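# Close look at the chain arrangement
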Amino acid sequence: MNPHQDEPIYLPTAFHSRQQQHNLLHAWGGWNGYLKPEAYTDIELEYFAIRSTTAVFDLSPMNKYRVTGPDAEAFLNRVLTRDVAKIKNGRVGYCIWCDDAGQVMDDGTLFHLGDNDYRLCSYTRAYEWLYWSSLGFDVAIEDETGTVAALAVQGPTSCTVLTAMGVTGLESLKPFGILEVSFQGQTLTVSRTGFTGDLGYELWIDTSAGEALWDALFAAGEPYLIKAIGTEALEIARIEAGFLQAGVDFVPAETAVRRGCTRSPFELGLGWLVDFDKPRFNGRKALLAERDAGSRYRYVMLDVDGNKPAHHSFILQHGKVVGTVTSAAWCPTAKTNLAFAQLELPADASLTGLVAEIYYERELRWNKVLAPCVAIDRAPFDPPRRRQTPAPAL
Amino acid sequence: MTDVDVLVIGAGHNGLVCATQLASAGRSVMVLEAGEQPGGMAVNREIAPGFQVPGCAQWLTQFSPQLIRELKLEQHGLELAATDLTSIGLSADGNTISLKQGEVSGEISDADRAAFAELYRLLSKVNRLLLRLSKRPPPYLVEGKLRDKLALADLGLRLRLMGSDDMSELLRQALNNVYDLLQERFESPLLKGMLSLEAVQGTHFGPRSPNTVFTLLQRKLQWAWGGEVSQVRGGMAGLGTALANAAQAAGVTLRYGAEVQSLIMPGDCVEGVQLADGTELRAGCVVSSVDPVTTFESLLGLAKVETDTARRVSQIRIKSGTAKLHLALSGLPNFTGLDASQLGQRLLIAPDPNYVERAFNPVKYGEYASLPTMDISIPSVNDPSLAPDGQHVLSAIVQHVSHSPAGGWSTQRERALSDWIDCLAQYAPDIREHIVAAEILTPADLEQQYRVQGGHWDHVEISLDQVLMMRPFPAAARYDASVPGLYLCGAGSHPGGNLSGLPGRNAADTILKMEKQS
Ligand SMILES: Cc1cc2nc3c(=O)[nH]c(=O)nc-3n(C[C@H](O)[C@H](O)[C@H](O)COP(=O)(O)OP(=O)(O)OC[C@H]3O[C@@H](n4cnc5c(N)ncnc54)[C@H](O)[C@@H]3O)c2cc1C
């Protein structure tokens with residue numbers, strides 16, 4: 001007998017017992033070593049919960065690193081390409097970091113929780129890189145992935161639901177702001193952040209209080225049709241909002257095996273996160289050289305004709321392959337057929353005449369469409385409520 | 001505004017060679033030396049009034065005649081008190097062996113004699129190749145430019161030209177340990193012991209450690225031109241003085257007592273240095289002959305470099321185990337089996353390879369060898385000016401010795417001194433009668449005295465993962481330190497330690513070439 005047969009391969013998160021009750025589909029998958037629901041009931045219903053009521057997503061498996069100490073800011077400035085000094089206490093910043101060759105290792109969010117106190121959330125396991133990066137700095141890095149539970153609470157009624165749960169002062173919290181409240185004797189950190197492009201919040205609490213938080217949230221949210229959602233629904237929402245996903249839209253530099261498969265910030269349309277006014281940060285030398293010489297690849301968001309998602313499509317220009325699609329979805333609210341593509345075109349090349357070569361299947365019959373595409377500058381879903389302060393409440 | 005074109009940190013031999021080359025090419029150059037004299041680890045040390053010993057390095061082996069000519073060192077005062085010295089393996093029973101340029105004499109079989117001639121032939125041949133590689137910046141393997149590809153093609157061609165037998169023997173042995181190589185070829189324990197000592201000198205290896213065939217080659221680079229071991233007149237300081245004179249003649253400004261505390265790097269580029277007294281000096285570039293670990297960790301600060309560089313610096317291996325024993329002697333001691341005329345040669349205590357391996361064991365556990373190997377010089381035989389009339393000095397390189405033994409050196413210093421004199425007395429029974437003054441310099445002493453991490457012979461361990469394009473680490477292997485405005489030119493750079501001047505010379509060539517390109 002295999003002595004390990006009863007041991008789970010994936011760890012349960014702090015919300016697992018509650019997720020089990022909701023997960024009628026038993027659609028479980030793995031995320032960063034933890035068990036995660038891919039969908040609970042119906043992907044479309046879950047998606048529409050994000051856009052019309054309140055959706056709850058367990059993001060506990062995301063890697064979370066606490067960075068403290070007198071050199072915390074200087075250390076983060078070595079690692080991240082943007083200027084950390086501009087992320088004030090009580091604020092969150094979207095950020096990326098590169099290896100020394102200027103290739104993107106990951107994107108994530110940096111929470112400035114207090115003086116010399118930060119939390120960095122990342123897609124990849126970053127402890128080792130952070131450790132090596134801390135040489136020469138007086139900082140402590142703690143992996144909080146297993147000790148901090150986190151829920152994303154997203155959608156037009158999310159502020160109302162959280163207020164009903166007892167979070168006070170939430171309406172005045174600005175996008176990317178952080179609020180600390182007390183919840184059953186524990187500190188509950190609420191940030192106005194998310195991965196849906198909608199009004200929404202993320203809740204951070206010690207894992208010991210996870211179940212109590214879930215229960216209180218769902219009790220308060222019931223009248224507002226609160227709904228647990230899985231990764232599938234979130235995937236549609238994040239594409240609709242124009243967010244890149246590490247591991248999907250780019251290969252994190254440290255995991256890449258082949259040369260040339262990684263991307264620089266410029267090649268992902270993230271050049272705005274690179275601050276050359278900072279005298280030193282990882283990848284600076286390489287990125288300066290790339291800025292001057294020009295990038296090889298170019299990221300574009302495409303509005304694709306028709307309603308067939310351009311999954312993994314080739315992008316053609318004048319009959320020649322110029323790139324491929326990394327993420328694609330029919331976006332129900334924006335009513336747009338959206339695709340993110342990597343094109344091997346110089347930054348100043350014309351983007352007219354792009355065509356997606358889409359293959360799709362109907363009852364074992366494969367069809368091909370050549371769908372004209374238009375490059376767009378902004379994500380098609382960007383509701384005013386996402387930015388409004390005070391946040392709209394019912 | 002800059003004060004000079006180039007600031008060189010350290011007036012060790014490499015710093016001086018580099019400075020001289022740069023000044024000869026028209027650059028304004030200033031050398032900043034923390035100590036009060038030139039030479040770095042090649043200096044004299046007075047251990048008792050009138051008794052001068054080589055404070056650290058004692059033999060001139062790899063400073064090529066060509067470089068001596070190029071720098072006109074003889075004109076600048078360099079004189080050799082003795083050249084082509086014989087290395088004599090000591091034996092308690094008097095059955096010594098003498099080695100010089102491929103010839104063995106003494107208690108040795110014909111088979112060993114022939115085998116040594118053959119080994120010398122092979123190693124000399126390989127070393128002609130190694131010397132070629134050592135005289136230029138290492139070629140890059142990945143992302144190599146045409147020049148790198150040509151250099152690699154040249155290397156490949158020269159390997160082929162060695163002939164297929166020698167080439168396959170080289171490839172078979174290159175990664176081997178010296179113990180196995182010697183076991184295959186020789187009978188005489190003493191001969192094997194002597195060659196083991198040569199291979200592990202200045203390293204953190206025993207003869208059974210991998211890498212040691214390579215370190216044997218590296219330590220005998222001079223065999224490429226048929227060189228052996230020489231002694232500088234006036235003591236080892238003679239080299240530093242001649243180099244300093246040459247530097248000054250080329251227009252270099254030398255400043256002593258000028259300890260660099262930190263490198264000035266306000267932005268992404270090193271712009272100058274700050275001295276311990278607070279003075280700031282600006283230059284177009286800074287060239288450091290200080291060991292790379294100190295250069296990055298203390299002078300620059302790891303916070304100023306990118307993560308990969310910081311990681312690589314933190315992983316550089318610099319463990320050493322080399323100490324010195326210095327004696328002032330009232331007269332010449334008797335060495336069993338040697339006559340007085342032989343005492344000016346190079347005397348080795350390494351009776352067999354297992355002895356050498358055992359001498360390595362203690363250092364692994366933070367101890368010192370009470371029966372160490374010794375590389376002994378009695379320089380006053382060839383150069384009476386080093387000691388009062390009729391008296392002598394003895395200097396020995398002692399291995400292996402822990403840098404920081406448990407309990408610290410203060411509790412063990414006297415015992416180590418006494419153990420090592422006892423060890424010496426096995427070969428020179430009357431040595432104690434002659435001792436007027438005695439001292440040991442532990443690796444910790446050498447570190448402090450000569451400002452080199454670990455007191456390391458090569459600044460950075462010579463092992464296959466830390467040589468050529470990986471020395472001291474890949475992104476800094478071409479003397480540019482992966483930080484704009486900063487270069488390395490000391491023993492921590494390719495091709496490594498010993499008094500060869502090659503790192504300093506290659507660094508100067510590279511800096512001049514890079515200037516031309518930009
Ligand atoms: C015990 C021992 C015995 C040896 N015997 C021999 C031998 O017999 N033959 C041989 O060829 N090699 C020998 N070597 C090796 C040889 O001495 C070295 O490889 C060589 O000296 C390295 O030369 P360098 O110029 O690169 O550096 P160094 O000689 O170390 O010179 C560096 C210089 O930089 C200066 N410096 C350091 N920090 C600062 C600072 N912050 N500011 C200003 N100046 C600074 C130092 O004072 C020093 O003068 C021996 C080594 C040891 C440890």
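Keep in mind it's a predicted model, so treat the numbers as computed, not measured.

### Let's talk about the interface of chain A and chain B
Listed per partner, the contact involves 17 residues of chain A and 21 residues of chain B. Of the roughly 1,500 Å² buried at the junction of chain A and chain B (both faces included), carbon and sulfur atoms supply 51%. Area buried by chain A at its contact with chain B is led by D100, W132 and R280 of chain A, which between them contribute 38% of it. Taken together, chain A and chain B are joined by 1 salt bridge. Here D268 of chain B ties to R284 of chain A by a salt bridge, and the two come within 2.5 Å at their closest N and O atoms. One can count 11 residue pairs in polar contact (both at pLDDT 80 or more) joining chain A with chain B. Secondary structure elements with two or more residues in the side of chain A that touches chain B: α4 (127–133) and α8 (284–293) of chain A. When grouped by side-chain class, the residues that make up the side of chain A that touches chain B number 7 nonpolar, 4 polar and 6 charged.

### Describing the domain arrangement of chain A
Note: interface size is frequently given as the accessible area lost on complex formation between the parts. Residue and element names in this part refer to chain A. By domain assignment, chain A separates into domain 1 (16–62 + 146–240), domain 2 (63–143) and domain 3 (297–381). A straight line from the C-alpha centre of domain 1 to that of domain 3 covers 31 Å. Listed by partner, the interface residues are 11 residues for domain 1 and 13 residues for domain 3. Carbon and sulfur atoms make up 65% of the area that domain 1 and domain 3 hide from each other, which totals about 860 Å². Run the count over domain 1 and domain 3 and you get 0 salt bridges. In this assembly, domain 1 and domain 3 are joined by 4 residue pairs in polar contact (both at pLDDT 80 or more). Elements with a minimum of two residues in the side of domain 1 that touches domain 3: α2 (43–52) and α7 (231–240). Take the side of domain 1 that touches domain 3: its biggest share by element is 5 residues, from α7. Its residues assigned to classes, the side of domain 1 that touches domain 3 shows 4 nonpolar, 2 polar and 5 charged.

### Quick notes on unusual backbone geometry
Residue T389 of chain A is joined to P390 of chain A through a cis peptide bond whose omega torsion reads 0°. Within the element layout of this structure, P390 of chain A appears in the segment after β19 (365–376). Backbone torsion omega between H494 of chain B and P495 of chain B reads 0°, so that peptide bond is classified as cis. Its location among the elements puts P495 of chain B in the loop between β19 (486–488) and α16 (502–517). In this structure, Y479 of chain B takes a positive phi of about 70° despite not being glycine.

### Brief notes about the confidence of the model for chain B
In this model, chain B carries an average pLDDT of 95, and 99% of its residues clear a pLDDT of 70 or more. Across the whole predicted complex the pTM is 0.93, and at the interface the ipTM reaches 0.89.

Scoring rules and cut-offs
- Residues numbered from 1 in each chain as written.
- Chains lettered and ligands numbered in written order.
- Predicted model: local features only at pLDDT ≥ 70, side-chain atom pairs only at ≥ 80, totals over all residues.
- Heavy atoms only, no water.
- Contact = heavy atoms within 4.5 Å.
- Buried area = accessible area lost by both parts, 1.4 Å probe.
- Salt bridge = Lys/Arg side-chain N within 4 Å of Asp/Glu carboxyl O.
- Polar contact = N/O pair within 3.5 Å; in protein donor to acceptor, adjacent residues only side chain to side chain.
- Helix = DSSP H or I, 4+ residues; strand = E, 2+ residues; numbered from the N terminus.
- Nonpolar A, V, L, I, M, F, W, Y, C, P; charged D, E, K, R; others polar.
- Domains from an automatic or database assignment.
- pLDDT = per-residue confidence, 0-100.

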